[in-house]
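This is what each chain is made of:
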Amino acid sequence: MSHRSLIYGLRELNSTEFTSFCLNSSQTSPPITNQRFIFTSDYEHRVYTSACYYLDANNNWQSHGLLVGPSTNHYQTQCLSTHLTTFASGFIVLPAPVNWNYVFANADFVRNKTVYITLICVLVLYILFIIFARYKDKKDLERLGVTPLPDNHNFDQYFYQILVFTGHRRNAGTKSRVHFIVAGDDDETQIRTFADPQRKILQRGGIDAFIMAVPKSLGSLSYIHIWHDNTGEGESASWFLKYIIVRDLQTTEKFHFICQKWFAVEKGDGA
């Protein structure tokens, strides 16, 4: 795309020039001079570009045979055509430049209270949102990873991954100690306990992952016996369990145990 630059100057016509070049039908132009002139009255300067185009046989806009007429202004465009092709016109009004001297001279707080208050409120809300997002990021990092159960033994050599899904209902999380027994066709575990010394577990809407070690394979899992001791304070005593997924890390086989029940004395069946 080609670019062209244009340099122009402005000067005020005297009375003789105004009569000769504006009131009379003279086709000549006012003389060009390099002298400096002082304007005696206010004036407006508006810059716009205008053009005339027509659609050719390939449906492309062309300007051959079309000229912009002298009656063109910023309200309408006059097109002079040498052919009878349907044509159109348009113009672009250039935006006025920003007067930065005026902006900074009137940028005090007294004259722009609404603007400054709006910016301050947006900035405060943005900072609060960043703090909240950072807090949530830390909580998400705490939930990542798999926790070995504290009652695993060094001699155990068979491992299961246990995913515990706590419900999203109100007060679904618990601070009570949750115990369980996993039973299979070949064996069953002793009483095991879900615990993590580094982070909170079994929170509302949470997904907790644990590694359980046992001496040998339990075979095809048949059921989980699970309960809690109701030691949580207040509303943190009860627990709503959605389901549990147990995955054999040696065979990658998964076992799903659906619950969808409250473990509470004041909710559900009270058991």
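None of the values given here were measured: they were computed from a predicted structure. (Residues numbered from 1 in each chain as written. Predicted model: local features only at pLDDT ≥ 70, side-chain atom pairs only at ≥ 80, totals over all residues. Heavy atoms only, no water.)

Helices and strands together make up the secondary structure of the chain, namely 3 helices and 13 strands. In summary, the chain has a C-alpha radius of gyration of 41 Å against a globular reference of 18 Å for 271 residues, an excess of more than 25%. With 271 residues in all, the chain has 26% of them scored as buried. Here the analysis covers contacts within the chain between residues at least 6 apart in sequence; of these, 66% occur between residues at least 24 apart. Looking at the chain as shown, the accessible area adds up to about 20200 Å², and 56% of this sits on carbon and sulfur atoms. (Helix = DSSP H or I, 4+ residues; strand = E, 2+ residues; numbered from the N terminus. Rg over C-alpha atoms; globule rule 2.2 N^0.38 Å. Buried < 20%, exposed > 50% of the residue type's maximum accessible area, 1.4 Å probe, protein only. Contact = heavy atoms within 4.5 Å. Areas by Shrake-Rupley, 256 points an atom, 1.4 Å probe, with all protein chains shown as cover.)

Using the criterion set out here, one finds 4 salt bridges in the structure. A salt bridge links Arg 192 to Asp 151, with the shortest nitrogen-to-oxygen separation between them at 3.1 Å. In this pair, Arg 192 is assigned in strand β9 (residues 192-194) and Asp 151 in the loop between β6 (147-148) and β7 (158-166), connecting sequence segments 41 residues apart. Exposure class is identical for Arg 192 and Asp 151. Each is buried. The closest approach of N and O atoms between Arg 199 and Asp 196, which form a salt bridge, is 2.9 Å. By relative accessible area, which is 11% here, Arg 199 ends up buried. (Salt bridge = Lys/Arg side-chain N within 4 Å of Asp/Glu carboxyl O.)

Attention now goes to the UniProt feature "domain: PLAT" (unreviewed entry) in the chain. As recorded in UniProt, the feature "domain: PLAT" (unreviewed entry) lies at residues 158-271. As annotated, residues 158-271 comprises 0% helix and 48% strand, and the C-alpha atoms at either end are separated by 33 Å. (UniProt positions renumbered as here; feature names shortened; annotations may be inferred.)

As a further point, take the nonpolar core. In this structure, Val 164, Phe 180, Phe 194 and Ile 226 are the most contacted members of the largest nonpolar core, which totals 25 residues. When residues of this core are traced back to their parent elements, those giving at least two are β7, β8 (178-184), β10 (207-214), β11 (221-228), β12 (239-248) and β13 (254-263). Setting aside residues up to four positions removed in sequence, Val 164 forms contacts with Phe 194, Leu 202, Gly 206, Ile 207, Asp 208, Phe 210, Trp 239, Leu 241, Tyr 243 and Ile 244. (Core = buried A, V, L, I, M, F, W, Y, C linked by side-chain atoms within 4.5 Å.)

Right, let's talk about the packing of aromatic side chains for a bit. Applying the stated criterion to the full structure yields 8 aromatic pairs. Ring geometry for Tyr 158 and Tyr 160: centres 5.5 Å apart, planes at 50°, overall tilted. Each member of the pair, Tyr 158 together with Tyr 160, is buried. When the centroid spacing of 5.5 Å and the interplanar angle of 35° are considered together, the rings of Trp 239 and Phe 263 count as tilted. Of this pair, Trp 239 sits in strand β12 while Phe 263 is found in strand β13, placing the two residues 24 residues apart along the sequence. We note that Trp 239, like Phe 263, is buried. In textbook terms, an aromatic cluster arises when at least three aromatic residues are bridged by ring pairs, as seen for Phe 180, Phe 194 and Phe 210. It is Lys 267 that lies over the ring of Trp 262; its NZ or CZ is 4.1 Å from the centre. (Phe/Tyr/Trp six-rings, centres within 6.5 Å; stacked < 30°, edge-to-face > 60°. Lys NZ or Arg CZ within 6 Å of the ring centre and 35° of its normal.)

Quick look at the state of the cysteines now. Under the definition given, this model contains 1 disulfide. At a sulfur-sulfur separation of 1.9 Å, the disulfide partner of Cys 52 is Cys 79. With the S-S bond torsion at -90°, the cross-link from Cys 52 to Cys 79 turns out left-handed. Of this pair, Cys 52 sits in strand β1 (residues 48-55) while Cys 79 sits in strand β4 (residues 79-81), placing them 27 residues apart in sequence. We note that Cys 52, like Cys 79, is buried. (Disulfide = S-S within 2.5 Å.)

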